[in-house]
Amino acid sequence: RALRNRKGVSEELRQKILEEAKRSGYSIEASNYEARVMRNRAVNVRPSSRVVCAIVNHEDDSFGFGGRILRGMNQEGAATGNEIVAVTHMANGMPLIVLRRQVDGYVRLLSDLQVDKTAAKSPVPWVSILFGVPGVDLVTVDNTGGARAVARHVLSLGHRRLSFIGPRNELADERLAGLMSAAAEAGADLPGERIVTERFAASDAPTRCLLDQLIGDRRPLPFTALIAYNDYMAHLAIVYLREKGWRVPEDVGVAGFDGVLPSHVRENTVITSAAVPLEALGGAAIRLLA
């Protein structure tokens, strides 16, 4: 009552309390939150906190894949009066602030490794980005249409023998479907022997294994254009091909998907790609959660 300047406290006592609060750095807005939570929990009422948890690995890179999605969340949060608290490098499960219901909800950018291990059950509502989880709302992109557009561009350059490398997940399946659709339209071919995938294959060593299976020491190459699951795999393919003595794009074309490379890629690699509107994904997730 003293801190809120309400009746029922003498002025002398009020001043003593205000002085002590100032001396100790006590904030009623911050510190009284737990008291309100306990009081409301007792009567089974949970007021809105206007705080959203964002679970995203931004790789300490604000211009990388996760960093740009997080920027979109922050922008939309500021516009709608919601504070975004970021949690990175979560393995499985949920942060304590989610389990304790200290946030109104959370948005999660799952990694390929986490999709199968993520349960939909949560004490608060949540939204998944890109990867679908049964029973959870999803914000994603038209993977099939984007890959179809990439393939149509590659085909317009005269390529007729295409190949594909990528992981085995729902996004890769959708992107491969777009490539095969465009190839069928143009009378080009993308046969099974030129489609090489592995369950978890979007990092350096697994990508090189896929390229060994597809290319190895073959001469001539069995394709004129290679389309990768994402731009990082496309970048790794370009490095691999050049190590093998092939010129890119003079001898073989390479394309990707996403429109972004990790910060540790220092080479100025130019890759034909379907750019994903990452900031828009983050903003849409916050709006959907709200």
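Source: prediction; values computed, not measured.

Here's the deal with the sheet that holds strand β2 (residues 83-87)
Strands sit in the order β2-β1-β3-β4-β5 across an open sheet of five strands; the sheet is parallel. Two strands close off the open sheet at either side, each with one partner strand: β2 and β5 (137-139). Strand-to-strand twist across the sheet, computed as the mean angle between neighbouring axes with direction ignored, equals 25°. Direction of pairing for strand β1 (residues 51-55) relative to β2: parallel, over a ladder of five bridges. Within β2, the residue paired with Cys-53 across the bridge is Val-85. Packing of helix α9 (residues 278-289) onto the sheet brings it into contact with β1, β2, β3 (105-108), β4 (126-129) and β5, and relative to β4 it is tilted by some 160°.

A closer look at the packing of helix α7 (residues 204-214) against helix α8 (residues 231-243)
Packing of α7 against α8 leaves a shortest axis separation of 10 Å and a crossing angle of 55°. In terms of orientation, α7 lies oblique with respect to α8. Read as a crossing pair, α7 and α8 show a hand that is right-handed. Here Asp-204, Thr-207, Arg-208, Leu-210, Leu-211 and Asp-212 of α7 come into contact with α8, specifically with Tyr-232, Met-233, Leu-236, Ala-237, Tyr-240 and Glu-243.

Remarks on the side chain of Arg-194
By secondary structure assignment, the location of Arg-194 is in the loop between α6 (170-186) and β7 (195-198). Separated by 2.8 Å, the side chain of Arg-194 and the backbone oxygen of Leu-162 make a polar contact. Leaving out residues up to four positions away in the same chain, Arg-194 has contacts with Arg-161, Leu-162, Ser-163, Phe-164, Asp-189, Leu-214, Pro-222 and Phe-223.

Focus: the pairing of strand β6 (residues 162-167)
Regular strands place their side chains on alternate faces of the sheet. Summarising burial for β6: six of the six residues are buried, a large majority. Relative to β7, β6 runs parallel, the two being bridged by four bridges. From the neighbouring strand, Ile-165 faces β7, where its bridge partner is Val-196. Read from β6 through α6 to β7, the crossover connection turns out right-handed.

What counts, and at which threshold
- Residues numbered from 1 in each chain as written.
- Predicted model: local features only at pLDDT ≥ 70, side-chain atom pairs only at ≥ 80, totals over all residues.
- Heavy atoms only, no water.
- Pairing = 2+ DSSP bridges.
- Helix = DSSP H or I, 4+ residues; strand = E, 2+ residues; numbered from the N terminus.
- Axes fitted to C-alpha atoms, helices over the stretch in contact; angles between N-to-C directions.
- Contact = heavy atoms within 4.5 Å.
- Parallel < 35°, antiparallel > 145°, perpendicular 65-115°, else oblique.
- Left-handed = near helix turned anticlockwise from the far one by under 90°.
- Polar contact = N/O pair within 3.5 Å; in protein donor to acceptor, adjacent residues only side chain to side chain.
- Buried < 20%, exposed > 50% of the residue type's maximum accessible area, 1.4 Å probe, protein only.
- Right-handed = clockwise from strand over helix to strand, strands pointing away.

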